[in-house]
Amino acid sequence: MNGPGDEQRLIAKLTWRLIPFLCLCFLAAFLDRVNVGFAALQMQADLAFSDTVYSFGAGIFFIGYFLFEVPSNIILEKVGARLWIARIMIVWGIISSSMMFVSTPGMFYLLRFLLGAAEAGFFPGIIFYLTYWFPTAHRSRTVAMFMTAPAMSGVVGGPLSGYLLDHHPASFQGWQWLFLIEGLPSVLLGIVVLFYLPNGPREAKWLRPQEIEWLTQRLADERAGREKHHALSLWRALTHPRVLLLSLIYFLVVIGAYGFDLFMPKILANAFPAASKSEIGWLAAVPPLASVLVMVFWGRRSDRLSERRWHVAWPALWAAVGLAVISFDVNPIVALIAAAVAVSGRWSCIPPFWALPTAFLSGTAAAGGIALINAVGNLGGFVGPFLMGWLSDLTGSYALGLRVLAGAYVLGGLIALALTFDRAKPMVRSAKLFQRSSEAPSRT
């Protein structure tokens, strides 16, 4: 490797080899997490579940997620990504398909809790895993590309879920077929992980020796720099003020995110009362499709400007505006556009956010700290949907709940602006290192 051009080619190679597959895995995971929002269009009536029962069951997923998040990520760091991510995916796929047998509120609560416990560790595990491959200067845009997967799950899952609700064999209800069919890809992908995913660069047979040498040296230098200025044990990372503040920001953002995600099909069904469930599925694909392009652009912009705080705050604020507009009795097309604004903000603030903890955490401290931020933050995934369901039963409308979600976004964005992180500065390697790497023998 003889210069910056070689670095860009290596990053492109890593991106194309890893990110599409990881996106596919995350798409399956996120679809299993939120498809209950579409199932509710039939399941609530079939099983006589109130909005409060539905929202509690939808949200209790995140309690299981919270309890097992940190242990799961620490185990991943110890046993390797390939084995642990495969375990996560296979188990959650089986549990997700088992949701077709729900018949009582208690069974609904139990299976959603177990699904959260099974999936715990996947997202923060992948965020941690990416630090094995991508230098700091490339991390936000890489996370942005990875985060297109859950956004795309709405593009794929919306039409698929709507179709399954309207067109299905008579042996089961549509919502039962939905859970069965959408859980199976996770199991199959989990098996593929065992054969496809390397634990790190030194296991990647598709990298040349000089590429491995350069990449491991670059990442080691960055890790040494972090440890020199932010040397943290696991316990200090878990109690560090920055980690706790990031957890609070993520908690507020997630309140708004999942509060809307898990009710968007029902809100769109109210806005378009004449639409079939299949048509609602297509309408629900519009906001995440619009958000994908915005999110990738925003992540690349954050890297180019080496700035994170404003790139977290602005999307949170425009998401709040979108939710506030939907809370009023507006034209259906305006409601759909506002939903697209809210969803694009929901996703665009995430990649710059996850560039913050990886800027000062490394090793086991990074595994634990990232997991804690994600675990505490995702408790908002219980609070947001529960508030929406409870306030809906209390007031007979989603308006107040949507305004509460908007307020959470505003508060999270303002706290992000108060962060005192240093601007992220890309690490530029010297020509000598490129020269040393180029002298390494080629793989035969």
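In case you missed it, the structure is sitting above this.
Overview of the structure. (Residues numbered from 1 in each chain as written. Predicted model: local features only at pLDDT ≥ 70, side-chain atom pairs only at ≥ 80, totals over all residues. Heavy atoms only, no water.)

**A word on the overall build of the chain**
Then comes step 1: If you tally the helices and strands in the chain, you get 20 helices and zero strands.
Then comes step 2: Residue burial in the chain is summarised as follows: out of 444 residues, 60% are buried.
Then comes step 3: A sequence separation of at least 24 residues applies to 84% of the contacts in the chain between residues at least 6 apart. (Helix = DSSP H or I, 4+ residues; strand = E, 2+ residues; numbered from the N terminus. Buried < 20%, exposed > 50% of the residue type's maximum accessible area, 1.4 Å probe, protein only. Contact = heavy atoms within 4.5 Å.)

**Quick look at the nonpolar core**
Then comes step 1: Counting 132 residues, the largest nonpolar core has Phe-122, Trp-133, Phe-260 and Trp-354 as the members making the most contacts within it.
Then comes step 2: The element that contributes the greatest number of residues to this core is helix H1 (residues 4-34), accounting for 15 residues.
Then comes step 3: Excluding residues that lie within four positions of it along the chain, Trp-133 makes contacts with Leu-14, Leu-18, Pro-198, Gly-200, Pro-201, Ala-204, Trp-206, Leu-207, Leu-215 and Leu-219. (Core = buried A, V, L, I, M, F, W, Y, C linked by side-chain atoms within 4.5 Å.)

**Brief notes about the packing of helix H14 (residues 309-326) against helix H15 (residues 332-348)**
Then comes step 1: At a minimum axis distance of 7 Å, the contact between H14 and H15 shows a crossing angle of 155°. By the angle class used here, H14 and H15 are roughly antiparallel. Read as a crossing pair, H14 and H15 show a hand that is left-handed. On H15, the residues that touch His-311, Pro-315, Ala-316, Trp-318, Ala-319, Gly-322, Leu-323, Val-325 and Ile-326 of H14 are Val-334, Ala-335, Ala-338, Ala-339, Val-341, Ala-342, Ser-344, Gly-345, Arg-346 and Ser-348. (Axes fitted to C-alpha atoms, helices over the stretch in contact; angles between N-to-C directions. Parallel < 35°, antiparallel > 145°, perpendicular 65-115°, else oblique. Left-handed = near helix turned anticlockwise from the far one by under 90°.)

**Considering helix H11 (residues 241-261)**
Then comes step 1: Compared with the 30 Å implied by 1.5 Å per residue over 21 residues, the 30 Å span of H11 between its first and last C-alpha is a close match.
Then comes step 2: Extensive coverage of H11 is indicated by the burial of 15 of its 21 residues. (Expected span 1.5 Å × (residues − 1).)

**Some remarks on the pattern of salt bridges**
Then comes step 1: Here the structure, examined in full by the defined rule, presents eight salt bridges.
Then comes step 2: Among the salt bridges present, the one from Arg-33 reaches Glu-119, with a minimum N-O distance of 2.4 Å. Of this pair, Arg-33 sits in helix H1 while Glu-119 sits in helix H5 (residues 105-119), and the two are 86 residues apart along the sequence. The same class applies to Arg-33 as to Glu-119, namely buried.
Then comes step 3: Here Asp-303 ties to Arg-308 by a salt bridge, and the two come within 2.9 Å at their closest N and O atoms. Residue Asp-303 shares its accessibility class with Arg-308, and that shared class is buried.
Then comes step 4: Residues joined in a network through salt bridges with shared partners are Lys-13, Arg-208 and Glu-211. (Salt bridge = Lys/Arg side-chain N within 4 Å of Asp/Glu carboxyl O.)

**What to know about H5**
Within an α-helix, residues lying three or four positions from one another point in the same direction, as the helix has 3.6 residues per turn.
Then comes step 1: Between its first and last C-alpha atoms H5 spans 21 Å; for 15 residues at 1.5 Å apiece the expected length is 21 Å, and the two agree.
Then comes step 2: Buried residues of H5: Phe-108, Leu-111, Arg-112, Leu-115, Gly-116, Ala-117, Ala-118 and Glu-119, and no others.
Then comes step 3: One or two positions beyond H5, positive phi appears at Gly-121, with a value near 100°.

**Description of the packing of aromatic side chains**
Then comes step 1: Going through the model one piece at a time under the given rule, you end up with 34 aromatic pairs.
Then comes step 2: Ring centres of Phe-61 and Phe-62 lie 4.8 Å apart, and the angle between their planes is 75°; this geometry places the pair in the edge-to-face category.
Then comes step 3: With a relative accessible area of 0%, Phe-62 lands in the buried category.
Then comes step 4: When the ring centre of Trp-347 is taken as reference, the NZ or CZ atom of Arg-346 above it lies at 3.6 Å.
Then comes step 5: Here the basic side chain of Arg-403 rests over the ring of Phe-328, its NZ or CZ set 4.5 Å away from the ring centre. (Phe/Tyr/Trp six-rings, centres within 6.5 Å; stacked < 30°, edge-to-face > 60°. Lys NZ or Arg CZ within 6 Å of the ring centre and 35° of its normal.)

**Quick notes on the side chain of Ser-186**
Then comes step 1: Summarising the element assignment, Ser-186 is placed in helix H8 (residues 174-196).
Then comes step 2: Accessibility expressed as a relative area gives 0% for Ser-186, which makes it buried.
Then comes step 3: Leave out the neighbours within four places in its chain, and Ser-186 touches Ala-28, Ala-29, Asp-32, Met-89, Ile-90, Trp-92 and Gly-93.

**Regarding a nonpolar patch on the surface**
Then comes step 1: A contiguous nonpolar surface patch, about 680 Å² in accessible area, is contributed by Ile-75, Val-79, Leu-83, Leu-188, Ile-191, Leu-194 and Phe-195.
Then comes step 2: If you list the elements that add at least two residues to the nonpolar patch, you get helix H3 (51-79) and H8.
Then comes step 3: Counting residues per element, the nonpolar patch draws most heavily on H8, which supplies four residues. (Patch = residues over 30% accessible without salt bridge, like charges linked within 9 Å, V, L, I, M, F, W, Y side chains within 5 Å. Areas by Shrake-Rupley, 256 points an atom, 1.4 Å probe, with all protein chains shown as cover.)

**Some remarks on the environment of Ile-373**
Then comes step 1: Mapped onto the elements of the fold, Ile-373 is located in helix H17 (residues 363-378).
Then comes step 2: Classification of Ile-373 as buried rests on a relative accessible area of 0%.
Then comes step 3: Separated by 249 residues in the primary sequence, Ile-373 and Pro-124 have C-alpha atoms spaced 8.8 Å apart.
Then comes step 4: Look past the residues within four positions of Ile-373 in its chain and what remains in contact with it is Val-243, Leu-246, Ser-247, Tyr-250, Phe-353, Trp-354 and Pro-357.

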